[in-house]
Amino acid sequence: MKTALLPKPRRRQGSSLLVTLLVTLLLGVTLASYLMLVRSEHVLTARSQAWHQALVMAEAGVEEALAQLNPGAFNSEVAGGNGWSLYNGFYQPDPAERSLIGGRYAVVYTQETPPTIYSTGYTAFPSGAATLSRVVRVTTTNAPLYIAGVSAAQITNPANYPVYLDTYDSEDPDYSDNGAYSPAKAKSATQTNAAALGQTEYPDVLPPFATGLTLPSRVGNTYTLSGSYFVNGNLSLPNYDKIYVPAHRTADLYVTGDFFMATEAEIEIAETGILRIFVGGRTAVIDYVNNHGTPQSFQYYGLPGNTNVTFAQITPTLAASVYAPNANFVANYNADLFDFSGSLVVQNLILTRPFKFHFDESLARNGPKRGFVASSWQEL
């Protein structure tokens, strides 16, 4: 009887080892592919972040250029200074590049009015092997200082008085009566909740000049003004005193301190005359203003320290352009309806009476400018 021989176990062991090696190799290739994919995604993500960071750097350059171009309200000149100088037809800072966390930028602007800004942002690729850059071109426009009948960051209205808004145009006879507001020729009329009114960011008023004429001697009780006048300190007009600006004359009055008008004091501006008052002190109290209904003819500007402006006149109408972005404003003689034609920009509008604001659209067209703002943005 013959006994069958069993197969040798080494063949099975060899096959198992081969399968194990193949599985291990497959897992290794899979893991290597996954790690390469993760690394590729990491590189792409890092590149995308660097790409966006370069744009952030370029935008920072645009912001610096706009800050340089707009030192304060009424600016309409393209100039250097503050470390900026003209080089090869462009204004540029010194040093030419600014370094920030995450990158750097180089910015210039052209010398024409309004200027065009070119800003290049740079950021290093995370591997350090390359630098990414992005270039933007921003065109600007000189924006109007006044864009609405009233602009206020805050409304104080404890009695919940209504506010009425409409527009007219003192330079268009179809929408005004000889330059004055007329309800029959108003362009629009709405009643609004005063709390809904808002204010955008407005630039500060800079001192208009450092020196000027002294106030002339009074003739009777009247100061007749024509030119630029500088009052170092407070200015008070007692009862029956008057400031008068003749026809076809312009007067600028800069008071570094407070400006105060007594109850019977008066400002009179003849037709075609213009009076601009700049107040640097904390308080201004203005009584009767007779300027023949034209807001361009009476302009009030409060510097940063001017925080309280009061109109105390008996007559419940006023045509003026008032720009005091840091001030509380109140017209508090009584609780009758107050008609305000022109434009009012203040920090806090205190309503002690109902108001009608009639925005003179000519102020936006031909009035003072706030400075250069971006009008278009393009990546090159």
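Residues numbered from 1 in each chain as written. Predicted model: local features only at pLDDT ≥ 70, side-chain atom pairs only at ≥ 80, totals over all residues. Heavy atoms only, no water.

J.: Is there a simple way to explain the side chain of Thr140 in this structure?
T.: Assignment of secondary structure puts Thr140 in strand β6 (residues 131–144). From its side chain, Thr140 meets the backbone oxygen of Pro115 in a polar contact 2.6 Å long. Each residue touching Thr140, except ones within four places of it in the same chain, is listed here: Leu66, Pro114, Pro115, Ile117, Phe372, Val373, Ala374 and Ser375. (Helix = DSSP H or I, 4+ residues; strand = E, 2+ residues; numbered from the N terminus. Polar contact = N/O pair within 3.5 Å; in protein donor to acceptor, adjacent residues only side chain to side chain. Contact = heavy atoms within 4.5 Å.)

J.: Explain the sheet that holds strand β19 (residues 288–290) here, please?
T.: Remark on secondary structure: sheet strands pair via backbone hydrogen bonds, oriented parallel or antiparallel. The four strands lie next to each other as β10-β13-β16-β19, forming an open sheet whose pairing is parallel. Unpaired on one side and paired on the other, β10 (222–224) and β19 mark the two borders of the sheet. Averaged over all neighbouring strand pairs, the angle between strand axes comes to 15°, with direction disregarded. Here strand β16 (residues 266–269) pairs with β19 via three bridges, running parallel. (Pairing = 2+ DSSP bridges. Axes fitted to C-alpha atoms, helices over the stretch in contact; angles between N-to-C directions.)

J.: How should the packing of aromatic side chains be read in this particular structure?
T.: Each aromatic ring pair is summarised here by two numbers: the centre-to-centre distance and the angle between the ring planes. Tallied over the entire structure, the rule returns 18 aromatic pairs. Seen from their ring centres, Trp84 and Tyr109 are 5.0 Å apart, and the 25° between their planes marks the pair as stacked. With Trp84 in strand β1 (residues 84–87) and Tyr109 in strand β4 (residues 103–110), this pair connects stretches of sequence that are 25 residues apart. We note that Trp84, like Tyr109, is buried. Its end group placed over the ring of Tyr175, Lys187 keeps NZ or CZ at 4.5 Å from the ring centre. (Phe/Tyr/Trp six-rings, centres within 6.5 Å; stacked < 30°, edge-to-face > 60°. Buried < 20%, exposed > 50% of the residue type's maximum accessible area, 1.4 Å probe, protein only. Lys NZ or Arg CZ within 6 Å of the ring centre and 35° of its normal.)

J.: Is there a simple way to explain the environment of Leu253 in this structure?
T.: Tracing the chain through its elements places Leu253 in strand β14 (residues 250–255). The sequence separation of Leu253 and Leu275 amounts to 22 residues, and the corresponding C-alpha distance is 7.6 Å.

J.: Could you clarify how one ought to interpret unusual backbone geometry in this entry?
T.: With the exception of glycine, the majority of residues adopt a negative phi angle, and the majority of peptide bonds are in the trans configuration. The peptide bond linking Asp94 to Pro95 adopts the cis configuration, its omega dihedral lying at 5°. Along the chain, Pro95 falls in the loop between β2 (90–93) and β3 (97–100). A cis amide bond, omega -5°, links Thr113 with the succeeding residue Pro114. Within the secondary structure, Pro114 is located in the loop between β4 and β5 (116–124). Even without glycine at this site, Asn82 takes up a positive phi of about 55°. Checked against the element boundaries, Asn82 lands in the loop between α1 (9–69) and β1. Given the relative accessible area of 71%, Asn82 is considered exposed. Backbone geometry places His248, a non-glycine residue, at a positive phi of 65°.

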